[in-house]
Amino acid sequence: MSRSAMTEPHHQRIALAGQQNCGKSTIFNILTGLQQHIANYPGVTVDKKSGTYMWEGQRYDVTDLPGAYSLSAFSPEERVSRQVLLDEPPDVIVNVVDATNLRRSLPLTFQLLEMGFRVIVAVNMMDAARRRGLAIDLPALSRRLTAPVVPMVGRSGKGGKELRGAIAEAAQAPAAVPATLNYGPLEDDVAALHARLSAIPGLDGRMSRWHAVKLLENDSETIGRVSRLGQTDVIEAADAMRARFEEAHGLSAGDHISATRDRRATEILGDCVQDTRHGTVPVSERIDRVLLNRFVAPLFLIATVWVIYQLSIVQGYELTHLTWPFLAGLRTVAASMLPDAGFLVDPQIRSLGLWIVDSVNTLLNYVPIFLILFALIAILEDSGYMARIAFILDRILHRFGLHGQSTLPFILGGVFAGGCAVPGVMATKGIPDARARLATILTVPFMNCMAKIPLYTLLINIYFPDAKGLMLFYLSTITVLAALLVAKLLTSSVLATQPTAPFVMELPSYHMPTVTGIARRATDRTWMYIKKVGTVVVAIAVVIYVLLQFPGVPEDRMSAFEARGETVIAEFYAALEGNPNLAAVATPEDLISLVNVQSTYKARRLNASSREAAEALDQGIRDNHPQFAPFVLRGRAEADRAAFSAMRDLANARNTLRREMQSERIESSFLGHIGRGLEPVTQFADFDWRINIALLSSFAARESSVATLGVLFDQEEGENRALEDRMGDQQRAEGRTALSAVALMLFFALYPPCLATVIMVRVQTQSTGWMVFSIVFPTILGLTVASVVFQSATALGLTGLETMTAVWLGTFALLLLVALPKPWLPDLRQRAAPEIEDVAP
Amino acid sequence: MTTPTIDLAAETGSRLPETALILFLSALALAYLVRGALKKRRRFQSGGSCGDCSGCATSGPGPCPVATAFTQPETESTK
């Protein structure tokens, strides 16, 4: 709500208040007709939504306050809500409450009424309450709350007109009288403070009683506000009253006040709400009794992870055998549309075009995997089991200094594969515990975001074809184990002095997912992946191309290649001396044409799906290029056999030359120098310069690691092999084993966040220092882990699978060691971070 | 018959217009990436979503729907 709006008397200021997930945003959209502006409240990263609507000639400015359960200075949302209400008081507050959970909603309603606002209670989700057998006596509720009550079904827009009418009526009504809630044994103290606060100029007299209650709650912001007015004696009086009460009742005044509001809410609900299905156990609860059983829950969770990987990545990979020929065909089409290849060097446009196609193809090959994975994740989300995972993990998180609310960011970040660190880091803004929030921000990037999957899939298919499911299980769980250990390390060291806060969790009911809903979500997300490949990855590929192609092969080396090329050509012609087929390649142009026809034929022949298709290709050569047929197709005549043999030698020699030139060009390129420069550090983890380049390129977008490998492990002109085959062959030829893959995967799991996540870390922490830390710390950690694992496993002679198993078990053992209670050790963290009283309720 | 020779020197020599075109394209790509990063930063700062992360189902403005559509565990400070 802007200040300018406040100065215009004809605009009524409306604020929407309520807890999160009560449908407040839906009501906001109903009122404003989706005309909303989203900004940030100054200084904090809490959404500020505002909009306007006209009703009977009157303009209403609506502000959607952040979701909050109370008006304590506790979470950023609560602080912001309170600040807006105190500093820019609205004319009317619409308090949106969840009809299925009124008991949790009413304490906030009481506080709004105590502050003396005109309040309209919008009881949302009436349909859900009806389905659950809750009969709400709305007139009685209105009488008990002394406020108008409007029933609503936000999803279908029901009640919008009535709400607008009620707002208009309330806006014209005289100022409201602040409600008084009887705080029993504290009532005399409240009254005494109320009287003293009422006399203070500069404090809104209407809210004096509410401020009095807040002082007794030991609310830091109220204390600060009163203190700034020079009323330290009032604060001292409140301190004395609080101490007296706590000594007499053995209970904190804050707890007593909260309990009073809760009791009052329960009492009102007892009079106004009837549970017609009282005594029956809801289906969700019956399912939870099994799935959330302390012994069954972890087993079912592990089984779920296992099934997800088996179905998506293991079975999904089988589908890529069907899609690859299509992608390879696209490459052939692209190659035929680009300028022809040269003998030694291709035109840059052709090289760049095929570079892009190879980058894109490598990643599009995983689309079937993502479709299945996204569908399975959508099932977990829609069914309500994902929230149960948060519940199960919450039990564990606390032992590692994390907050229960850290589970949501972890799940969004990809506890299973399929998340993204950006929304994961973004979701941390709801965590009121500063220490846990920072620890979560710094560990969410360890999760298995969607973009890590292509590299995992690539390496696992090359080195672990018989243990795909197991390896993915190891990788997905080891990242969680590592995140927990790192969180513990951080919360016990650099974050030890950050304040903490309590946590309460609600579980939604189970739902049967719909086929259309699942299909839509899976295709939407997969399409998002394809779009990213087609835009960001292509742009990165172009930049990487230039950095890998320039400045190019040194002149003296190029002259040597030219000389070898000329020798190869001379040998070809020498072999054809006296051969009648020589006439077909009488000119240099003919020879280039032959080379291109032969390489195109070879590519298509490799992808021919049947014998008939292969024969059709052969026939095509005979029909379209009869003069080249003896060179390309194996013939029976002596002259044809000689031509075929000469061509084969020429093609092989040409490919060798081109491969050597390409290798030299890349190695002497800008990025090649950087990759080589990093080798002294990365060699202990067995990363060569190509892996270094791939990892560097993945900083812009993780998917680019595989796209870059797709072009670094390039293929001959005329080849159309999947990256798994190319890279596997080349790596094995260089003596690399599955152990190298394990080191690389471990590094990639702990690797720094991508650029987008880094930006989000900066935004959420408001600190460049933490942003830099989020890059440097995982790099050092990842490289150390990868190097130690590779060197140790090499010394012990372990295989890749044995190494991964050992690493997993070792990490798990370390986790148990950290997590299990150690009563014999002093609590160092508590000593370093004394409880901060001013944020405690 | 004289052996025909391909002018490999011409093939491998620098081709300025082509190189200029490639450099121009890469500058465009780089500008696109930088623009995307700046746009993302602005959107994040205003509470918006990134819109192109593969784990995300939206490209629209506003709070990240992946984060907000999920039933979030909440803090109840009054307890």
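The written sequence of each chain sets the order in which its residues are numbered from 1. A letter from A marks each chain and a number from 1 marks each ligand, given out in the order of writing. In keeping with the model being predicted, local features are shown solely for residues with a pLDDT of at least 70 and side-chain atom pairs are shown and tallied solely at 80 or more, while totals for entire chains, interfaces and linings include all residues.

Asker: Before we move on, could you go through the overall build of chain B and cite the residues and values that matter?
Answerer: A helix here means a DSSP run of H or I that spans at least four residues, while a strand means a run of E at least two residues long, and both kinds are numbered starting from the N terminus. What chain B contains, in helices and strands, is 3 helices and 0 strands. Scanning chain B from its N terminus toward the C terminus, one meets helices and strands in the order α-α-α. Whether a residue is buried, exposed or partly exposed is read from the other C-beta atoms within 10 Å of its own C-beta, which are placed from the backbone; 20 or more gives buried, 12 or fewer gives exposed, and intermediate counts give partly exposed. When burial is assessed residue by residue, chain B has 41% of its 79 residues classed as buried.

Asker: Provide a residue-level description of the overall build of chain A, including the pertinent values.
Answerer: Of regular secondary structure, chain A possesses 37 helices and 9 strands. Sorting the 841 residues of chain A into buried and exposed places 48% on the buried side. Counting only contacts in chain A whose residues sit at least 6 apart along the sequence, the fraction spanning at least 24 positions is 74%. Throughout, a pair of residues is in contact if the C-beta atoms placed from their backbones lie within 7 Å.

Asker: Before we move on, could you go through helix α29 (residues 670–682) of chain A and cite the residues and values that matter?
Answerer: Residue and element names in this part refer to chain A. Given a helix with a known number of residues, its expected span is that number minus one, times 1.5 Å. Between its terminal C-alpha atoms α29 stretches 18 Å, which fits the 18 Å expected from 13 residues at 1.5 Å a residue. If you check which residues of α29 are buried, you get L671, G672, G675 and T682. The buried residues of α29 occupy an angular sector of 95° when projected down its axis, which confines them to one face. The exposed set on the far side of α29, more than 90 degrees from its buried face, consists of G677, P680 and V681. Those residues of α29 that are buried are in contact with α23 (515–549), α28 (638–667), α30 (689–697) and α35 (768–796). In this description, one arc is meant: the one made by directions from the helix axis to the C-beta atoms.

Asker: Just give me the short version of the nonpolar core, but keep the residues and values in it.
Answerer: All names here are of chain A. To form a nonpolar core, buried Ala, Val, Leu, Ile, Met, Phe, Trp, Tyr and Cys residues must be joined through C-beta atoms within 7 Å. Residues L459, A743, M745, L746 and F747 are the most contacted members of the largest nonpolar core, which totals 139 residues. With 15 residues, the single largest contributor to this core is α23. Non-local contacts of A743, meaning those with residues more than four positions away in its chain, are made with A685, D686, A786, V789 and F790. Residues Y60, L113, A179 and C272 belong to the second largest nonpolar core, which totals 70 residues.

Asker: How would you summarise the packing of helix α22 (residues 468–492) of chain A against helix α36 (residues 800–819) of chain A if you had to cite specific residues and measurements?
Answerer: All names here are of chain A. Running from N to C, α22 and α36 point in directions that differ by 35°, and their axes come no closer than 10 Å. Our pair here, α22 against α36, has a crossing hand that is left-handed. Each of M471, Y474, I478, L481, A482, L484, L485 and K488 in α22 lies in contact with α36, whose residues at this interface are M804, V807, W808, T811, F812, L814, L815 and V818. Amino acid classes used here: Ala, Val, Leu, Ile, Met, Phe, Trp, Tyr, Cys and Pro are nonpolar; Asp, Glu, Lys and Arg are charged; the rest, including Gly, are polar. Of the residues that constitute the contact of α22 with α36, the class distribution is 14 nonpolar, 1 polar and 1 charged. Between N-to-C directions, angles cover 0 to 180 degrees, with each direction set by a line fitted to C-alpha atoms, over the stretch in contact for helices. Whether a crossing is left-handed or right-handed is set by the direction in which the near helix is turned from the far one by less than a right angle, anticlockwise for left-handed and clockwise for right-handed.

Asker: I'd like to hear about the pairing of strand β6 (residues 119–124) of chain A, residue by residue, with values.
Answerer: Residues and elements named next belong to chain A. Taking burial as the measure, the 6 residues of β6 include 6 buried ones, the bulk of the element. Because side chains alternate across β6, one face comprises the buried residues V119, V121 and V123, and the other comprises I120, A122 and N124, equally buried. In this scheme, strands are said to pair when DSSP sees at least two bridges between them. Summarising the sheet, strand β5 (residues 92–98) and β6 pair through 6 bridges and their orientation is parallel. If you follow N95 over to β6, its bridge partner there is V121. Here a crossover is taken to be right-handed if, once the strands point away from the viewer, the path from the first strand over the helix to the second is traced clockwise. Between β5 and its parallel partner β6, the chain crosses via helix α4 (residues 102–114), and the hand of that crossover is right-handed. For β6 and strand β8 (residues 149–151), the ladder comprises 3 bridges, and the chain directions are parallel. Looking at the pairing, V123 lines up with P151 of β8.

Asker: Any chance you could break down unusual backbone geometry for me, citing the residues and the numbers?
Answerer: All names here are of chain A. Following F550, the chain continues into P551 via a peptide bond in cis, with omega recorded as 5°. Tracing the backbone shows P551 in the loop between α23 and α24 (555–575). We note that E56 has phi near 50°; this positive angle belongs to a residue other than glycine. With respect to the helices and strands, E56 occurs in the loop between β3 (47–55) and β4 (58–64). At T146, a position not held by glycine, the phi torsion is positive, near 55°. Checked against the element boundaries, T146 lands in the loop between α6 (138–145) and β8.

Asker: Outline the packing of α24(A) against α28(A), supporting the account with residue identities and numerical values.
Answerer: All names here are of chain A. Contact geometry of α24 with α28 gives a least axis separation of 9 Å together with a crossing angle of 175°. Relative to α28, the element α24 lies roughly antiparallel. Every residue of α28 that contacts α24 at R557, F561, R564, G565, V568, F572 and A575 is listed here: A642, A646, L650, A653, R654, L657, M661 and E664. Looking at side-chain class alone, the contact of α24 with α28 contains 10 nonpolar, 1 polar and 4 charged residues. Each angle receives one of four descriptions, namely roughly parallel if under 35 degrees, roughly antiparallel if over 145, roughly perpendicular if within 65 to 115, and oblique otherwise.

Asker: A description of the confidence of the model for chain A should follow, citing residues and the corresponding values.
Answerer: Residue and element names in this part refer to chain A. A residue's pLDDT is the confidence the predictor assigns to it, expressed on a 0 to 100 scale. For chain A, the mean per-residue pLDDT works out to 81, and 89% of the residues sit at or above 70. Across chain A, the element-wise mean pLDDT spans from 42 in helix α37 (residues 828–832) up to 94 in β8. Ignoring residues within four places in sequence, the model shows residues 828–841, a span with pLDDT below 50, making 19 contacts including any to other chains.

Asker: For the pairing of strand β1 (residues 11–17) of chain A, give the residues involved together with the corresponding values.
Answerer: Residues and elements named next belong to chain A. Counting buried positions over the 7 residues of β1 gives 6, a clear majority of the element. Both β1 and β4 contribute to a ladder of 6 bridges, which runs parallel. Across the sheet, L16 pairs through a bridge with D64, a residue of β4. In the sheet, β1 pairs with β5 via 4 bridges, with the strands oriented parallel. By the bridge assignment for β5, L16 is matched with V94.

Asker: Hey, could you go over the environment of L723(A) for me, with residue numbers and the actual values?
Answerer: With respect to the helices and strands, L723(A) occurs in helix α32 (residues 723–733). With residues near it in sequence (within four places) discarded, L723(A) still touches T362(A), L458(A), L709(A), G710(A) and F713(A).

Asker: Which residues make up α32(A), and what values do they have?
Answerer: All names here are of chain A. Here α32 has its buried residues at L723, E724, R726, M727, G728 and Q731. Contacts from the buried residues of α32 go to α15 (348–364), α21 (453–463) and α31 (704–712). Looking at the residues trailing α32, positive phi occurs at G735, about 85°.

Asker: Outline the environment of D358(A), supporting the account with residue identities and numerical values.
Answerer: Residues and elements named next belong to chain A. Positionally, D358 belongs in helix α15. C-alpha separation for the pair D358 and V711, spaced 353 residues apart in sequence, amounts to 6.4 Å. Contact partners of D358, with chain neighbours within four places excluded, come to G710 and V711.

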